[in-house]
Amino acid sequence: MNTVLISALVVAALLGIASAAEVLLRARGKSSDELYQRIRSWWIMAAIFFALILSGPTGALWLFGILSYLALKEYFTMIPIRQVDRRIIFWSYLSIPLQYWWIADGWYGMVLIWIPVYLFLLLPLRQVLTGETRGFLRSTGTVHWGLMLFVYALSHLALLYTLPDREGVGGPELLIFLVILTELGDIYQYLFGKTFGRRKILPKVSPGKTVEGLLGSLVATPLTAWGLSWLTPFDLPTALLAGGLISAAGFVGDVVVSMVKRDVGVKDTGTLIPGHGGIMDRIDSLTYTAPLFFHAVYYLYY
């Protein structure tokens, strides 16, 4: 039985434990509809994720391409957009299939420069052709920032998937390792914060984040990384460092997207995922963990 299937069964077992715990809490009147919806949504997301990962590269690339599209769409829906800005937004959406085409084609160099270099130069030119001078810096900067975060950064998930085998494991296993640890890092922050949290880190940005929650995640996530190191070519020190990197980067990604939501005055970026909010609410941490983890792994092993 391959490691991807084993990891799918492990995740299913953990979700089964969570579902059983929710049933017991509900019987005692201590559960809530939000908790039930969260766990139900996790079942659906995990099923889709592993089904497409197991289906091969085509399914995985479609998954991440659609994820980038939905996240960017939520972002553009959430921020103030002028009519004149819609011209460059159209070209922003067209950049998504090209970014994932370069990944499918194995053109690593173009993947790295397509958005941060070519689109950085071309989108302002398209804005100049409109002749509208007011708000130029704000609109081009806002659009490019969204592309960098929700297309460029997230596309590193697909890049990670395409890495060849090293020491018996390859890209799919490394991808699963990253996604599981990123999501568990968020859960650890929540659990330790609810249980021990006293001192808030960024009360104006994310009131629920506490020093105790972050410290708990910074300890628990590396330990979990050690336990999941069979999905990677990592030795013990590298696994612990990877867990620490993912926990810290996930925290930063979470609060950065929270800052965006505070700036535009919204709590959740959407309602697509019951109990979780929108796509951006669920993948905020991955926007930071994916590129940092990918480049660390690429440097060390490839």
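Remember, predicted model here, so these are calculated numbers, not experimental data.

1. What to know about a nonpolar patch on the surface
Right, on to step 1. A cluster of nonpolar side chains, namely Ile113, Val117, Tyr118, Phe120, Leu121, Leu122, Leu125, Val128 and Leu129, defines an oily patch on the protein surface of about 850 Å² accessible area.
Right, on to step 2. Counting through the fold element by element, Val117 comes out in helix α5 (residues 108-128).

2. Focus: the packing of aromatic side chains
The relation between two aromatic rings is expressed through the spacing of the ring centres and the mutual angle of the planes.
Right, on to step 1. Applying the stated criterion across every chain yields a total of 19 aromatic pairs.
Right, on to step 2. Taking 5.7 Å as the distance between ring centres and 90° as the angle between the ring planes, the aromatic pair formed by Phe76 and Tyr93 counts as edge-to-face. Within this pair, whereas Phe76 is found in helix α3 (residues 57-78), its partner Tyr93 is found in helix α4 (residues 86-105), the two being separated by 17 residues in sequence.
Right, on to step 3. Phe76 sits in the buried class, given a relative accessible area of 7%.
Right, on to step 4. Of the residues examined, Tyr93 reaches a relative accessible area of 24% and is grouped as partly exposed.
Right, on to step 5. Summarising the aromatic geometry, the rings of Tyr108 and Tyr298 are spaced 4.9 Å apart at their centres and angled 15° between planes, so their arrangement reads as stacked. Here the residue Tyr108 occupies a position in helix α5, and Tyr298 occupies one in helix α12 (residues 286-301), the gap between them amounting to 190 residues.

3. Brief notes about the packing of helix α2 (residues 33-55) against α3
Right, on to step 1. Look at α2 against α3: their axes get within 5 Å of each other, and the N-to-C directions meet at 140°. One way to sum up the angle between α2 and α3 is to call them oblique. Across from Ile48, Phe49, Leu52, Ile53 and Ser55 in α2, the residues of α3 making contact are Gly59, Ala60, Leu63 and Phe64.
Right, on to step 2. Considered class by class, the residues forming the contact of α2 with α3 number seven nonpolar, two polar and no charged.

4. Re the pattern of salt bridges
Right, on to step 1. For the structure on display, the rule yields five salt bridges.
Right, on to step 2. Between Arg282 and Glu183 there is a salt bridge, with its nearest N and O atoms 2.9 Å apart. One end of the pair, Arg282, is in helix α11 (residues 279-283); the other, Glu183, is in helix α8 (residues 171-196), and 99 residues separate them in sequence. In terms of burial, Arg282 and Glu183 fall into one category: buried.
Right, on to step 3. Across the pair Arg282 and Asp186 runs a salt bridge, and its minimum N-O distance is 3.4 Å.

5. Looking at the packing of helix α1 (residues 3-27) against α8
Right, on to step 1. Contact geometry for α1 and α8: axes closest at 9 Å, N-to-C directions at 20°. Relative to α8, α1 is oriented roughly parallel. The handedness of the crossing between α1 and α8 comes out as left-handed. Each of Thr3, Val4, Ser7 and Val11 in α1 lies in contact with α8, whose residues at this interface are Pro172, Glu173, Ile176 and Ile180.
Right, on to step 2. Broken down by class, the residue content of the contact of α1 with α8 amounts to five nonpolar, two polar and one charged.

6. Side note on α5
Since the α-helix advances by 3.6 residues per turn, residues separated by three or four positions end up pointing in the same direction.
Right, on to step 1. Here α5 is 21 residues long and its end C-alpha atoms lie 30 Å apart, about the 30 Å a rise of 1.5 Å per residue gives.
Right, on to step 2. Of all the bends in α5, the greatest reaches close to 60° and is centred on Trp114; the proline Pro116 follows between one and four positions later.
Right, on to step 3. Taken as a whole, α5 has its buried residues at Met110, Val111, Trp114, Ile115, Leu119, Leu123 and Gln127.
Right, on to step 4. Where α5 is buried, its residues meet α4, α6 (136-153) and α7 (155-161).

7. Brief notes about the environment of Gln127
Right, on to step 1. Here Gln127 lies in helix α5.
Right, on to step 2. Residue classification places Gln127 among the buried residues on the basis of a relative accessible area of 1%.
Right, on to step 3. Put simply, Gln127 and Ala239 are 112 residues apart on the chain and 45 Å apart in space, counted from C-alpha to C-alpha.
Right, on to step 4. Only 2.8 Å separates the side chain of Gln127 from the side chain of Ser139, close enough to count as a polar contact.

The rules behind each value
Residues numbered from 1 in each chain as written. Predicted model: local features only at pLDDT ≥ 70, side-chain atom pairs only at ≥ 80, totals over all residues. Heavy atoms only, no water. Patch = residues over 30% accessible without salt bridge, like charges linked within 9 Å, V, L, I, M, F, W, Y side chains within 5 Å. Areas by Shrake-Rupley, 256 points an atom, 1.4 Å probe, with all protein chains shown as cover. Salt bridge = Lys/Arg side-chain N within 4 Å of Asp/Glu carboxyl O. Helix = DSSP H or I, 4+ residues; strand = E, 2+ residues; numbered from the N terminus. Phe/Tyr/Trp six-rings, centres within 6.5 Å; stacked < 30°, edge-to-face > 60°. Buried < 20%, exposed > 50% of the residue type's maximum accessible area, 1.4 Å probe, protein only. Axes fitted to C-alpha atoms, helices over the stretch in contact; angles between N-to-C directions. Parallel < 35°, antiparallel > 145°, perpendicular 65-115°, else oblique. Contact = heavy atoms within 4.5 Å. Nonpolar A, V, L, I, M, F, W, Y, C, P; charged D, E, K, R; others polar. Left-handed = near helix turned anticlockwise from the far one by under 90°. Expected span 1.5 Å × (residues − 1). Bend = angle between axes of the 7 residues up to and from the residue. Polar contact = N/O pair within 3.5 Å; in protein donor to acceptor, adjacent residues only side chain to side chain.

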